[in-house]
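Per-entry structural report
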Amino acid sequence: MKEAWGRFINLRDSGNTNAQVVQLPVGDIVSNPYQPRTIFNQEAIEELAKTIHTHGVIQPIVVRKKDNQYELIAGERRLRAVRHLGWTTIPAIVREMNDAQTASAALIENLQREGLTPIEEAVAYQQLLELHGLTQESLAQRLGKGQSTIANKLRLLNLPEAVQTALLTKSITERHARALLAIPTEEVQIELLQECIDKGWNVKQMEERVKAKLAGFQQEGQKRGRPRRRGLSKDVRLAVNTIRQSLEMIESTGLTVNYEEADEEEYYQFTIRVPKQKIAPAPQAE
């Protein structure tokens, strides 16, 4: 874990295994605002508390001094377990860190452990990218992960809040969620999510249902002459749909609008031709 931390921050005494351990009042310690873990299993905390009650806190927590309190850097579960026991103090190591170092250390410490949901992991990656101005590739190298792993996790943040919440509460798996990324509209994504939860679909069933929906979209697009696009971000989908609605409003006035859509690698393009004069209908024979 120290090696992973060291790739992002320069910890004082990071190589000193004899760092001074002090007993700090539990009431003086506040949680780290960059803590990526948002859900804690209370039964697991109680089990850890039993172990600590028997053997004590074997590994001290890590904190930094901030104002008149101490801000937690690593050891949220240990701190919660000690609070559950009603103990007034906990062994800790006090480090000197700035805000960026503290945030990075908290995020990386949790990424090295198991149990984060895919959404919590994705949020941690996003925060590290923003804190250090990294590319996905450089972040992957620093964490010893594949770039595709980072990219796939970050794509989950494009899903509607309802889908992200389902992932967070483990109502669906990451593979279920990734299948929904192919659906171009939030409304249908949420519709399939609810159907998946209600009927208990496995991943294969979800993928088949998504394929069926996409086939329906394609048929509908062919009928209307403008096929739907897949894989667009939320903001781009909103912009594209707004333009389409505007074109429909123009057509409703009787104008014949000629346009083409192109889904390029770096942008989505509309080519629109609006006639300057309204074409009069051909006279009907009397």
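Thresholds applied
Residues numbered from 1 in each chain as written. Predicted model: local features only at pLDDT ≥ 70, side-chain atom pairs only at ≥ 80, totals over all residues. Heavy atoms only, no water. Helix = DSSP H or I, 4+ residues; strand = E, 2+ residues; numbered from the N terminus. Buried < 20%, exposed > 50% of the residue type's maximum accessible area, 1.4 Å probe, protein only. Areas by Shrake-Rupley, 256 points an atom, 1.4 Å probe, with all protein chains shown as cover. Polar contact = N/O pair within 3.5 Å; in protein donor to acceptor, adjacent residues only side chain to side chain. Axes fitted to C-alpha atoms, helices over the stretch in contact; angles between N-to-C directions. Parallel < 35°, antiparallel > 145°, perpendicular 65-115°, else oblique. Contact = heavy atoms within 4.5 Å. Nonpolar A, V, L, I, M, F, W, Y, C, P; charged D, E, K, R; others polar. Pairing = 2+ DSSP bridges. Left-handed = near helix turned anticlockwise from the far one by under 90°.

1. Some thoughts on the overall build of the chain
Assigned secondary structure in the chain consists of twelve helices and seven strands. Across the 286 residues that make up the chain, the buried fraction comes to 40%. For the chain, the computed accessible surface area is about 17,300 Å², with 45% contributed by carbon and sulfur atoms.

2. Considerations on the side chain of Arg78
The topology assignment puts Arg78 in helix α3 (residues 76-85). Classification of Arg78 by relative accessible area gives buried; the value is 13%. In this structure the side chain of Arg78 is engaged in a polar contact, spanning 2.9 Å, whose partner is the backbone oxygen of Pro60.

3. Observations regarding the packing of helix α5 (residues 118-132) against helix α8 (residues 161-168)
In the contact formed by α5 and α8, the axes pass within 7 Å of each other and the chain directions differ by 110°. As far as their axial angle goes, α8 and α5 are roughly perpendicular. Counted together, Pro118, Ile119 and Glu120 of α5 and Gln164, Leu167 and Leu168 of α8 form the full contact between these two elements. Grouping the amino acids of the contact of α5 with α8 by side-chain chemistry returns four nonpolar, one polar and one charged.

4. Observations concerning the pairing of strand β7 (residues 268-273)
Bridge count between strand β6 (residues 258-263) and β7: six bridges; the pairing is antiparallel. Residue Tyr259 lies in a different strand from β7, and its bridge partner there is Ile272. In this structure, the hairpin formed by β6 and β7 is closed by a connection of four residues.

5. With respect to the packing of helix α4 (residues 99-111) against α5
Between α4 and α5, the shortest axis-to-axis distance is 10 Å and the interhelical angle comes to 150°. By the angle class used here, α4 and α5 are roughly antiparallel. In the crossing of α4 with α5, the sense of the turn from one axis to the other is left-handed. Contact with α4, carried on its side by Ala100, Ala103, Ser104, Leu107, Ile108 and Leu111, involves Glu121, Ala124, Tyr125, Gln127, Leu128, Leu131 and His132 of α5 and no other residues of that element.

6. A word on unusual backbone geometry
With phi around 55°, Asp67 is a residue other than glycine that occupies positive phi space. Tracing the sequence through the fold places Asp67 in the loop between β3 (61-66) and β4 (69-74). With a phi close to 65°, Lys170 is a non-glycine residue in the positive phi region. Inspection of the secondary structure assignment puts Lys170 in the loop between α8 and α9 (174-180). Residue Lys170 is classed as exposed on the basis of its relative accessible area of 61%.

Keep in mind these numbers describe shape, not what the thing actually does.
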